[in-house]
Amino acid sequence: MGDKQHQARIEQARKEMHTLALEHGIRHPQVLRQSVKLDALINEYIDCRTADDERLQERDS
């Protein structure tokens, strides 16, 4: 998955979390679950970026 796709998924998850927080309050279980999903997407994005950076460094060495 490319950077743009990751970023779009992260932004969509963030918007969903924001909407849920406005509807239910920041401590509602749905908001917390959405926060966990958002964290997972961000971690996935970081992992992919790190792997890409490591491949580039190996190639350039």
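Please refer to the structure placed before this passage.
These notes cover the structure that comes with them.

Conventions adopted
Residue positions are given per chain, counting from 1 as you read along its sequence in written order. In keeping with the predicted nature of the model, local features appear solely for residues at pLDDT of at least 70, side-chain atom pairs appear and are counted solely at 80 or more, and the whole-chain, interface and lining totals rest on all residues. Remark: hydrogens and water are excluded; side-chain values derive from all non-hydrogen atoms of the structure. Salt bridges are identified by distance alone: a Lys or Arg side-chain nitrogen within 4 Å of an Asp or Glu carboxyl oxygen. We count a stretch as a helix when DSSP gives it H or I for four or more residues in a row; a strand needs E for two or more, and each element gets its number in order from the N terminus. Only protein chains enter the calculation, and the probe is 1.4 Å; a residue is then buried if its accessible area is under 20% of its type maximum, exposed if over 50%, and partly exposed in between. Inter-axis angles, ranging from 0 to 180 degrees, are taken between N-to-C directions of lines fitted to C-alpha atoms, where helices are fitted over the stretch in contact. Should an angle fall under 35 degrees it is called roughly parallel, over 145 degrees roughly antiparallel, and 65 to 115 degrees roughly perpendicular, with every other angle called oblique. For any pair of crossing helices, the crossing counts as left-handed if the nearer helix is rotated counterclockwise from the farther one by less than a right angle, and right-handed if it is rotated clockwise. Any two residues having at least one pair of non-hydrogen atoms within 4.5 Å are treated as being in contact. Polar here means any residue other than Ala, Val, Leu, Ile, Met, Phe, Trp, Tyr, Cys and Pro, which are nonpolar, and Asp, Glu, Lys and Arg, which are charged; Gly is therefore polar.

Focus: the pattern of salt bridges
Phase 1: Applying the stated criterion across every chain yields a total of three salt bridges.
Phase 2: Residue Asp3 is joined to Arg49 by a salt bridge in which the shortest nitrogen-to-oxygen separation is 2.6 Å. Of the two residues, Asp3 sits in helix 1 (residues 3-24) while Arg49 sits in helix 2 (residues 29-60), which places them 46 residues apart along the sequence.
Phase 3: Residue Asp3 is classed as partly exposed on the basis of its relative accessible area, which comes to 31%.

With respect to the packing of helix 1 against helix 2
Phase 1: Between helix 1 and helix 2, whose axes approach to 9 Å, the crossing angle comes to 165°. Overall, the two elements helix 1 and helix 2 adopt an arrangement that is roughly antiparallel. Crossing of helix 1 against helix 2: the hand is left-handed. Note on element contacts: helix 2 touches helix 1 through Gln30, Val31, Gln34, Ser35, Leu38, Leu41, Ile42, Glu44, Tyr45, Cys48 and Arg49, opposite Asp3, His6, Gln7, Arg9, Ile10, Ala13, Arg14, Glu16, Met17, Leu20, Ala21 and His24.
Phase 2: Here the residues of the contact of helix 1 with helix 2 are counted per class, giving eleven nonpolar, six polar and six charged.

Structural notes on the side chain of His6
Phase 1: Turning to its location among the elements, His6 is positioned in helix 1.
Phase 2: Discounting residues that sit within four places of it in the chain, His6 has contacts with Met1, Glu44, Tyr45 and Cys48.

By themselves, these are just geometric observations and shouldn't be taken as functional.
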